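# An overview of the molecular structure
For reference, the chains in residue letters:
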Amino acid sequence: MRPTDLAMTRRHALGGLAAVSTLALASACGAAPLAQGAFPVRYSDAEWKRRLTPEQYFILRQAGTERPFTSPLLREHRKGTFVCAADGNPLFASSTKFDSGTGWPSFWKPLDRAVGTSADRSYGMARTEVHCLRCGGHLGHVFDDGPKPTGLRYCMNGDAMLFRPG
């Protein structure tokens, strides 16, 4: 193989790796449209900005995502409940949390009447967005590659939640 062929092969390999990495990050827990509808907890945009940290506002109200492996909730293993950072709505029991290796807190089942879902077609793919059932805040996405008994992986942004021990 000539040196120019080898350089071209490396360039294509690196370009492909970059494309796959970007797609993987986007598909793990990327931005999605904010849930539509009337929710019991409602505030003006200015009030949400006042009530939430900039990180929480970005995720919960603008459907953003945090960088993987940055949430302290990844290392939270105490017994308790994960609640919505915007309104305190109980979302997930600690007994349903598992290490998915994705870099975001993951759960195999939400609490009853805690979350809603909607179609997310951003990034040119079909995913299912998960939002708080009380305030409509974006939490993350749900995928069908989780553990038993549900086979689901609720991939949540840590900045969208708080942990209440107990």
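Residues numbered from 1 in each chain as written. Predicted model: local features only at pLDDT ≥ 70, side-chain atom pairs only at ≥ 80, totals over all residues. Heavy atoms only, no water.

### Some thoughts on the pairing of strand 2 (residues 90-93)
The pairing of strand 1 (residues 80-84) with strand 2 spans three bridges and is classified as antiparallel. Bridging across to strand 2, phenylalanine 82 finds its partner in phenylalanine 92. Between strand 1 and strand 2, which pair antiparallel and follow one another directly, the connecting turn spans five residues, one of which, glycine 88, has a positive phi of 80°. (Pairing = 2+ DSSP bridges. Helix = DSSP H or I, 4+ residues; strand = E, 2+ residues; numbered from the N terminus.)

### Focus on the confidence of the model for the chain
In this model, the chain carries an average pLDDT of 85, and 78% of its residues clear a pLDDT of 70 or more. The low-confidence segment residues 4-33 (pLDDT under 50) makes 43 contacts with residues lying over four places distant or belonging to another chain. (pLDDT = per-residue confidence, 0-100. Contact = heavy atoms within 4.5 Å.)

### Some points on the packing of aromatic side chains
Aromatic ring pairs are described here by two measures, namely the spacing of the ring centres and the angle between the planes. According to the stated counting rule, one finds five aromatic pairs in the structure shown. When the ring of tyrosine 43 is compared with that of tryptophan 48, the centres are 4.9 Å apart and the planes differ by 90°; the resulting orientation is edge-to-face. Through a chain of ring-to-ring contacts, three or more aromatic side chains come together here, namely Phe82, Phe92, Phe107, Tyr154 and Phe163. (Phe/Tyr/Trp six-rings, centres within 6.5 Å; stacked < 30°, edge-to-face > 60°.)

### Some thoughts on the sheet that holds strand 3 (residues 97-98)
The sheet built from six strands is open, its strands ordered 3-4-8-7-6-5 with antiparallel pairing. The strands lining the two open edges of the sheet, one partner per strand, are strand 3 and strand 5 (115-120). Pairing geometry for strand 5 and strand 6 (residues 127-132), over six bridges, is antiparallel. Pairing of threonine 117 across the sheet is with valine 130, part of strand 6.

### Details of unusual backbone geometry
Put simply, lysine 148 and proline 149 share a cis peptide bond, and its omega is 10°. With respect to the helices and strands, the residue proline 149 is situated in the loop between strand 7 (138-143) and strand 8 (153-156). Phi angles above zero are rare outside glycine, and alanine 63 is one such case at about 60°. By secondary structure assignment, the location of alanine 63 is in the loop between helix 3 (54-60) and strand 1. The backbone of arginine 113 shows a phi angle near 55°, a positive value even though the residue is not glycine. Position of arginine 113 relative to the elements: it lies in the loop between strand 4 (106-107) and strand 5.

### Brief notes about the pairing of strand 8
Of the two faces of strand 8, the one holding Arg153 and Cys155 and the one holding Tyr154 and Met156 are both buried throughout. Pairing geometry for strand 7 and strand 8, over four bridges, is antiparallel. Looking at the pairing, histidine 141 lines up with cysteine 155 of strand 8. (Buried < 20%, exposed > 50% of the residue type's maximum accessible area, 1.4 Å probe, protein only.)

### Notes on the sheet that holds strand 1
The three strands lie next to each other as 2-1-9, forming an open sheet whose pairing is antiparallel. Edge positions in the open sheet fall to strand 2 and strand 9 (161-165), since each of these has one partner strand only. On average, each strand axis in the sheet is tilted by 30° relative to the strand beside it, whichever way the strands run. Both strand 1 and strand 9 contribute to a ladder of five bridges, which runs antiparallel. Among the inter-strand pairings, valine 83 is bridged to a residue of strand 9, identified as leucine 162. (Axes fitted to C-alpha atoms, helices over the stretch in contact; angles between N-to-C directions.)

### Concerning the nonpolar core
If you look at the biggest cluster of nonpolar residues, it comprises 26 residues, and the most contacted ones within it are Leu60, Leu91, Phe92, Leu139, Tyr154, Met156 and Met161. Here this core takes three residues from helix 3, the largest share from any one element. Once residues within four sequence positions are removed from consideration, leucine 139 is found in contact with Leu60, Leu91, Val115, Val130, His131, Cys132, Cys155, Met156, Asn157 and Ala160. (Core = buried A, V, L, I, M, F, W, Y, C linked by side-chain atoms within 4.5 Å.)

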